[in-house]
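Residue strings, one per chain:
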Amino acid sequence: MKSDIYNLVTVKDGKSDNAEIVRVFYEIAAGRLKSDLKLLNYVDEVPVSFGATINTVERESVELEVHEHQGVIIKRDKSTLIKSKHFYNGLSVHCYAAYVNVPKKTVILHNFAYAQIRAERREAVRVKLHGKLPVKFSYENVKIVGYMVDISANGVSICSSSVPSTETGQSGLLNFTISGNVLEVPGSFVKIATKGDDGDICVFQMEPDMKTDSIIGLFIYQRQVEIIQLLKEGLVLE
């Protein structure tokens, strides 16, 4: 799971925090606290979250019964995030998977640490794209050309091999085609998020009109449906 999804938080120290988190699991397992655990993973930026119930708590690990979809992703990520109102100060918990059995819907988790889920602060759902969907941002006689990395209702990231010097807040037009719709959307340059061998990842804010917003919203929804379908197909893989 990527670090831009969450950041770890130390309350006392690693050992003490782990012990306090395990204590919460013991209290839930004993029925002294209400069972409200939810696991959270991200697939191509789309959140996948299902409830989980405790089977056993042993020393510094917990065995959970989980949803099949969550099990598939945990097996891939080898980690997950846990949410519960019983954790300290509204924090979530990050942990690693010591064992995953998808057919039996069982996982054993350990190495617990408090975490803040940064992705939940986003104003809109963001989905990552596969393949190279062309995008162009233009203003005056300047063009930033590349392919789409991810998109939300109000923003888009582009990977470009050549990025001319552009000031933050520079307004222009974003041109791209999704679901057969050729779109020209007013937008502005936000920042270069990362630099890499394949190009720079540039972030843009978009200001779509109602029609364009509807087209983008449907595209994002369809991408979410595709991801869920991939999860279902993944259930047969062990």
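A brief look at the structure comes next. (Residues numbered from 1 in each chain as written. Predicted model: local features only at pLDDT ≥ 70, side-chain atom pairs only at ≥ 80, totals over all residues. Heavy atoms only, no water.)

1. Some remarks on the environment of Arg126
Here Arg126 shows up in the loop between β8 (106-117) and β9 (127-128). Under the relative-accessibility criterion, Arg126 is labelled partly exposed at 22%. In the structure, Arg126 is positioned 94 residues away from Ile220 in sequence and 7.7 Å away in space, judged by C-alpha atoms. Discounting residues that sit within four places of it in the chain, Arg126 has contacts with Asp4, Asp44, Glu45, Val46, Asp150, Ile151 and Ser152. (Helix = DSSP H or I, 4+ residues; strand = E, 2+ residues; numbered from the N terminus. Buried < 20%, exposed > 50% of the residue type's maximum accessible area, 1.4 Å probe, protein only. Contact = heavy atoms within 4.5 Å.)

2. As for a nonpolar patch on the surface
Side chains of Leu218, Tyr221 and Val225 sit close together on the surface and give an oily, nonpolar patch of about 300 Å² of accessible area. Secondary-structure assignment places Val225 in helix α3 (residues 210-234). When its relative accessible area of 41% is taken as the criterion, Val225 is described as partly exposed. (Patch = residues over 30% accessible without salt bridge, like charges linked within 9 Å, V, L, I, M, F, W, Y side chains within 5 Å. Areas by Shrake-Rupley, 256 points an atom, 1.4 Å probe, with all protein chains shown as cover. Salt bridge = Lys/Arg side-chain N within 4 Å of Asp/Glu carboxyl O.)

3. What about the pairing of strand β11 (residues 142-151)?
As defined by bridge partners, β9 adjoins β11 across two bridges and the pair is classed as antiparallel. Following the sheet pairing, Lys128 is matched in β11 by Asp150. Note that strand β10 (residues 134-139) and β11 share six bridges and pair antiparallel. The residue bridging Phe137 from the neighbouring strand is Ile144, located in β11. The turn joining β10 and β11, which pair antiparallel and follow one another in sequence, is formed by two residues; a positive phi near 50° is taken by Glu140. Pairing analysis gives four bridges linking β11 to strand β12 (residues 155-160), with the strands arranged antiparallel. Note that in β12 the partner of Met148 across the bridge is Ile158. Adjacent in sequence and paired antiparallel, β11 and β12 are bridged by three residues. (Pairing = 2+ DSSP bridges.)

4. A few points about the packing of aromatic side chains
On inspection of all chains with the given rule, the structure shows six aromatic pairs. With centroids separated by 6.0 Å and ring planes inclined at 85°, the aromatic side chains of Phe25 and Phe87 adopt a geometry described as edge-to-face. Remark: Phe87 occurs in the loop between β6 (79-83) and β7 (92-101) and Phe25 occurs in helix α1 (residues 14-29); sequence separation between them is 62 residues. Of the two residues, Phe25 and Phe87, neither departs from the other in class, the shared state being buried. An aromatic cluster is defined as three or more aromatic residues linked by ring pairs; in this entry it consists of Phe137, Tyr139, Phe189 and Phe204. (Phe/Tyr/Trp six-rings, centres within 6.5 Å; stacked < 30°, edge-to-face > 60°.)

5. Quick word on helix α2 (residues 68-77)
Judged by how many residues are buried, α2 sits mostly within the fold: seven of 10 residues are covered. Of all the positions in α2, only His69, Gln70, Gly71, Val72, Ile73, Ile74 and Asp77 are classed as buried. Immediately beyond the C-terminal end of α2, within one or two residues, lies Lys78, with a positive phi of roughly 60°.

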